[in-house]
Amino acid sequence: MAGRVDFNTAHVAAVLGTADAFALAKKRKADFSSVWLKGNVMCIAAELGHVEFIQRMLEDGCPYEIVETTGNFAARLSPLRFAVAGGHTDVVELLKEHAIPEDLAEAIRV
C-alpha cells in the first residue's frame, strides 16, 4: 500500500506543479519515476507546462526518462514530446538540454 501512496503523491504533485508540491512529495518519499496513464511524473509536468517543477526535479537528480508503452497504442513517450504537444516553449527549452539525441530528433520531427 505504501507504494501506491508514493505513486499518487508524485503524480498529484506534478499536476499541481508548484515548488511546495514538489517539496511535500519529496518529504513523503514519492517515487518520481513511476508511470501512470502512459506518462511518468516529468511527462505530466511537461504536458501542463510546469517548468519550475521540472527544474526542481532535474536539480534533485530525477532522471529524464522515455516511457515505453505496449499494446494497441504502443509508443515511446517522453517529457519533451509532451511539452512540444502542449506548446510549452519554456519547458521545451529546458528539456532540450536533458533529452537524448534520438528523442530530441523525434520530438522535432513530430
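One can find the structure itself at the top, above this paragraph.
Parameters and conventions
- Counting from 1, residues in each chain are numbered in the order their sequence is written.
- Where local features are concerned, this predicted model is filtered to residues with pLDDT of at least 70; where side-chain atom pairs are given and counted, the filter is 80 or more; whole-chain, interface and lining totals use all residues.
- The basis for every side-chain value is the complete set of heavy atoms in the structure, and neither hydrogens nor water enter the calculation.
- Each helix is a run of DSSP H or I of at least 4 residues and each strand a run of E of at least 2, with the numbering of both proceeding from the N terminus.
- To sort residues, take the accessible area from a 1.4 Å probe on protein chains only and compare it with the maximum for the residue type: under 20% means buried, over 50% means exposed, and anything in between is partly exposed.
- Contacts are assigned to residue pairs that have any heavy atoms within 4.5 Å of one another.
- All accessible areas in this document rest on Shrake-Rupley with a 1.4 Å probe, and a residue is counted as covered only by the protein chains that are shown.
- Aromatic pairs are defined between Phe, Tyr and Trp rings, using the six-membered ring for Trp, whenever the two ring centres lie within 6.5 Å; interplanar angles under 30 degrees are classed as stacked, those over 60 as edge-to-face, and all others as tilted.
- Whenever two N or O atoms come within 3.5 Å, that pair is a polar contact, provided that in protein one can donate a hydrogen and the other can accept it, and provided that, for residues adjacent in sequence, both atoms are side-chain atoms.

Undergrad: Mind laying out the overall build of the protein, listing which residues take part and the relevant values?
TA: Counting secondary structure elements, the protein contains seven helices and four strands. From first element to last, N terminus to C terminus, the protein shows the α and β order α-α-β-β-α-α-β-β-α-α-α. Burial status across the protein gives 42% buried among its 110 residues. Pairs at least 24 residues apart make up 59% of the contacts formed inside the protein by residues separated by at least 6 positions. Of the roughly 6,300 Å² that the protein leaves accessible, carbon and sulfur atoms contribute 57%.

Undergrad: Hey, could you go over the packing of aromatic side chains for me, with residue numbers and the actual values?
TA: Evaluation of the coordinates by the stated rule reveals one aromatic pair. A ring pair is formed by Phe-22 and Phe-53, whose centres lie 5.6 Å apart and whose planes are at 85 degrees; its orientation type is edge-to-face. Taken together, the residues span a long stretch of sequence, with Phe-22 in helix α2 (residues 19–27) and Phe-53 in helix α4 (residues 51–59) at a distance of 31 residues. On the basis of relative accessible area, Phe-53 is assigned to the buried category, the value being 0%.

Undergrad: Give a description of the environment of His-88 that names residues and reports values.
TA: Mapped onto the fold, His-88 is located in the loop between α5 (79–86) and α6 (89–96). It is 7.7 Å that separates the C-alpha atoms of His-88 and Ala-46, two residues lying 42 residues apart in sequence. Setting aside anything within four residues of it in sequence, one finds His-88 in contact with Ala-46, Glu-47, Leu-48, Gly-49 and Ala-83. Looking at His-88, its side chain comes within polar contact range of the main-chain oxygen of Glu-47, at 2.9 Å. Separated by 3.5 Å, the side chain of His-88 and the backbone oxygen of Gly-86 make a polar contact.

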